[in-house]
Amino acid sequence: MIIFNKIDEIKLYLRKQQNAGQTIGFVPTMGYLHEGHQSLIRKAAEENDITVVSIFVNPTQFGPSEDLAKYPRDLKRDEIKAKEAGAHIIFHPDDKEMYPEGYKTYIEVEELSDVLCGASRKGHFKGVATVVAKLFNIVHPDKAYFGQKDAQQALVIKQMVKDLNMDTEIVVCPIIREEDGLAKSSRNVYLSEDERKRSLVLSKSLRRAQELIEQGITDAKIIRSEIVGMIEKENVIIDYVEIVSADTLKQVDKIEGKILIALAVKVGNTRLIDNIILER
Ligand code: PAF
């Protein structure tokens, strides 16, 4: 496996491979890789000749009071996990390489960026869209892989790719969960034993919502209040519980078509998200 830190060097290397007819699969990450990332890397390795993983904790997507400084980092461990899953190349630039002095350009995907996580994390998706666009310009991937766990992020990126006529195909892969249902996340390491147990209410309440919908309940208000009730019982702080169209992220009153039920909570100091897409 080759590790590149410099944009010019990885560009030169990848352009040569592409000119020789190799296809590139790309998995952008912020590191501290887990099974969820590994499932994306495996899929990329299955579908492309070369698999590139970027590891960059992107400062522009963190708000001033968020966990940028303490975000978990362990490059040696990431190298092993990436290699194990089939990656060929790691791109690990530092902040100055990505945002040199005088940096001025940002990308905003309107509307989709302002709701759900975007409402409480102002500027978050501007940072995500900007870094992903930069990474796409560096890597020129044929396909890029994102997790369904960050459902809103995947929609924002798809919209950006469409609007800016980018040539990359976006592949969204299923949420990977622990055996007890907790969605895998790099932030799970912050949870104490008790918080870890209380966090299970996210996946449990989503399963309960699914059951209710399968029983024929179509009123979004009823589903929402069932989820809220379950979460509040666990003494977990709700950021949002939203039932929205899976394509537009606009709130729905009635469960019909393809809907996304998305949750964001704070368990102790740790912000966790989870979601489910249902079609009726
Ligand atoms: O999902 C993430 O880890 C990040 O938001 C991403 C896509 C790597 C951009 O920094």
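Just so we're clear, the structure is a prediction, and the values are computed from it rather than from any experiment. (Residues numbered from 1 in each chain as written. Predicted model: local features only at pLDDT ≥ 70, side-chain atom pairs only at ≥ 80, totals over all residues. Heavy atoms only, no water.)

Turning next to unusual backbone geometry. Here Glu 111, not a glycine, exhibits a phi torsion of approximately 60°, which is positive. You can see Glu 111 is positioned in the loop between helix H4 (95-98) and helix H5 (117-120). Even without a glycine there, the phi angle at Asn 235 is positive, about 60°. Mapped onto the fold, Asn 235 is located in the loop between helix H10 (220-233) and strand S7 (237-245). Look at Asn 235 and you get exposed, because its relative accessible area is 59%. (Helix = DSSP H or I, 4+ residues; strand = E, 2+ residues; numbered from the N terminus. Buried < 20%, exposed > 50% of the residue type's maximum accessible area, 1.4 Å probe, protein only.)

Our next topic: the sheet that holds strand S8 (residues 258-267). Strands pair in a sheet through their backbones, by hydrogen bonds, and they do so in one of two ways: parallel or antiparallel. Ordered in space as S7-S8-S9, the three strands form an open sheet in which the pairing is antiparallel. With partners counted over all chains shown, the strands left at the sheet margins are S7 and strand S9 (270-279), one partner each. Neighbour-to-neighbour, the strand axes of this sheet turn through a mean angle of 10°, independent of strand direction. This element, helix H9 (residues 200-214), spans S8 and S9 of the sheet and lies at about 20° to S9. Contacting S7 and S8, H10 runs over the sheet at an angle of about 155° to S7. (Pairing = 2+ DSSP bridges. Axes fitted to C-alpha atoms, helices over the stretch in contact; angles between N-to-C directions. Contact = heavy atoms within 4.5 Å.)

The next point concerns empty space enclosed by the protein. Under the defined criterion, the tally for this structure stands at one cavity of 30 Å³ or more. Looking at the largest cavity, its volume works out to about 50 Å³. As for the largest cavity, its lining consists of Lys 149, Leu 182, Ala 183, Ser 185, Asn 188, Leu 202, Leu 272, Ile 273 and Asp 274. At three residues, S9 tops the list of elements feeding residues into the lining of the largest cavity. (1 Å grid on protein atoms, 1.4 Å probe; cavity = no way out; pocket = protein on both sides within 12 Å on 5 of 7 lines; lining within 4 Å. Points joined across faces, edges and corners; volume = space filled by probe spheres on them.)

Before going further, it helps to examine the pattern of salt bridges. One pass over the structure, following the stated rule, counts 17 salt bridges. A salt bridge links Lys 76 to Glu 79; its shortest N-O distance comes to 3.0 Å. With Lys 76 and Glu 79 both in helix H3 (residues 75-85) and three residues apart, the pair spans about one turn of that helix. Using a relative accessible area of 18% as the deciding quantity, one classes Glu 79 as buried. (Salt bridge = Lys/Arg side-chain N within 4 Å of Asp/Glu carboxyl O.)

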